[in-house]
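Single-letter residue listing:
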Amino acid sequence: MTDKANATDFANRVALITGAGQGIGRVFAKGFARAGAKIAIVELNEAKARAVAAEIEQECGKGTVIVAPADVAEPADVDAAVAATLTAFGRIDIAINNAAIFSTLKMRPFEDIPFEEWRDVMRVNVDGVMLVAKACAPVMRKSRHGRIINISSGVVTLGRPHYLHYVASKAAVVGMTRAMARELGADGITVNALLPGATFTEIERETVTPEQKSQILAMQCIKRHETADDLLAAALYLASDGAEFVTGQSIAVDGGTTFR
Ligand SMILES: NC(=O)c1ccc[n+]([C@@H]2O[C@H](COP(=O)([O-])OP(=O)(O)OC[C@H]3O[C@@H](n4cnc5c(N)ncnc54)[C@H](O)[C@@H]3O)[C@@H](O)[C@H]2O)c1
């Protein structure tokens, strides 16, 4: 029997992480690598993905990471990324659906969102999550073990104005998490969502003004800005063997901004 309280060893685990070329995904990739997992970076921006892979190789050694350039909303790209991961490492234990159209979005009233932009956000943020889960599920089923972690957002709970496409896409992620958890639980696969609050990374976001930054702090119980490390800690827990009885959940990691 495993000692569940200590079951956070990721040696022999393989984590496929989407959108890990920058921001939160980059911290996930480096953090899971440090915890002993092999990493597949599935990313649209190949140059950034390769830079993160170089950082991981420098710290954790050659052969610990691969880059699979892919648009997560393209079925053929996703299938190729999963195949490349299996060729390199032979298994996929953890899939983190982190890629999204997010930091490039302009905030504006929903009537002003161009329909093409609406469709792009749905395509990447919703289709992408489904396609990656769909490609990883059969692999995880075979080993009767899997952890799917979908990155949603606290904006769903808050009903944050001025990016309705983004809010709609992240609400879909919560619904998909619950339904996937029911479909995959019998095969030892858990599916959970993380709902970050406003998380500050190396990527500057023009849309967050200094006034908004102070408003964000005022809404939190814990009075400091959220970092990607706060999310990494939660993701490591959800991916661990010790979390095998936690599924279908939407876990807010936001300093106590929202209570579900
Ligand atoms: N930073 C925050 O405040 C915050 C808050 C709540 C939720 N989130 C969510 O956390 C996740 C990461 O956020 P972030 O701040 O690091 O975002 P980000 O915009 O900085 O990074 C997103 C990454 O996804 C990649 N990507 C975009 N489209 C892709 C596609 N079609 N295929 C493959 N890769 C693609 C980008 O190249 C980029 O590397 C996102 O799902 C975001 O919605 C972020």
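Our structure's up above, just so we're on the same page.
Described below are features of the structure shown in this document. Values in this document were obtained by computation on a predicted structure and should not be read as measured data.

**A word on empty space enclosed by the protein**
Working step 1: Following the criterion strictly, the structure yields one cavity of 30 Å³ or more and no others.
Working step 2: Space inside the largest cavity adds up to approximately 50 Å³.
Working step 3: Every residue lining the largest cavity is listed: Phe-102, Ser-103, Leu-105, Met-107, Arg-160, Tyr-163, Arg-205, Thr-207 and Val-208.
Working step 4: Looking at the lining of the largest cavity residue by residue, the class counts come to five nonpolar, two polar and two charged.

**Considerations on the pairing of strand β3 (residues 65-69)**
Look at any regular strand and the pattern is simple: side chains alternate between the two faces of the sheet.
Working step 1: Counting buried positions along β3 gives four out of five residues, so the element sits mostly inside the fold.
Working step 2: Alignment of strand β2 (residues 38-43) against β3, held across five bridges, turns out to be parallel. Across the sheet, the residue bridging to Glu-43 is Pro-69, located in β3.

**Describing the site of the ligand**
Working step 1: In the neighbourhood of the ligand, 27 residues make up the surrounding shell, with Gln-22, Glu-43, Ser-103, Tyr-166 and Thr-199 lying closest.
Working step 2: A distance of 3.3 Å separates a nitrogen atom of the ligand from a polar backbone atom of Leu-44.
Working step 3: Within the contact set of the ligand, an oxygen atom lies 2.5 Å away from a side-chain nitrogen or oxygen of Tyr-166.
Working step 4: Coverage of the ligand by the protein chains reaches 94% of its 840 Å² of free accessible surface.
Working step 5: Given that more than half its atoms are within 2 Å of the pocket grid, the ligand belongs to the largest pocket.
Working step 6: Going through the elements one at a time, α1 (23-34) and α6 (164-184) are the ones with two or more residues in the shell around the ligand.
Working step 7: Grouping the constituent residues of the shell around the ligand by class yields 13 nonpolar, 10 polar and four charged.

Conventions adopted
- Residues numbered from 1 in each chain as written.
- Predicted model: local features only at pLDDT ≥ 70, side-chain atom pairs only at ≥ 80, totals over all residues.
- Heavy atoms only, no water.
- 1 Å grid on protein atoms, 1.4 Å probe; cavity = no way out; pocket = protein on both sides within 12 Å on 5 of 7 lines; lining within 4 Å.
- Points joined across faces, edges and corners; volume = space filled by probe spheres on them.
- Nonpolar A, V, L, I, M, F, W, Y, C, P; charged D, E, K, R; others polar.
- Buried < 20%, exposed > 50% of the residue type's maximum accessible area, 1.4 Å probe, protein only.
- Helix = DSSP H or I, 4+ residues; strand = E, 2+ residues; numbered from the N terminus.
- Pairing = 2+ DSSP bridges.
- Near = heavy atom within 4 Å.
- Polar contact = N/O pair within 3.5 Å; in protein donor to acceptor, adjacent residues only side chain to side chain.
- Areas by Shrake-Rupley, 256 points an atom, 1.4 Å probe, with all protein chains shown as cover.
- Sits in = over half its atoms within 2 Å of the grid points.

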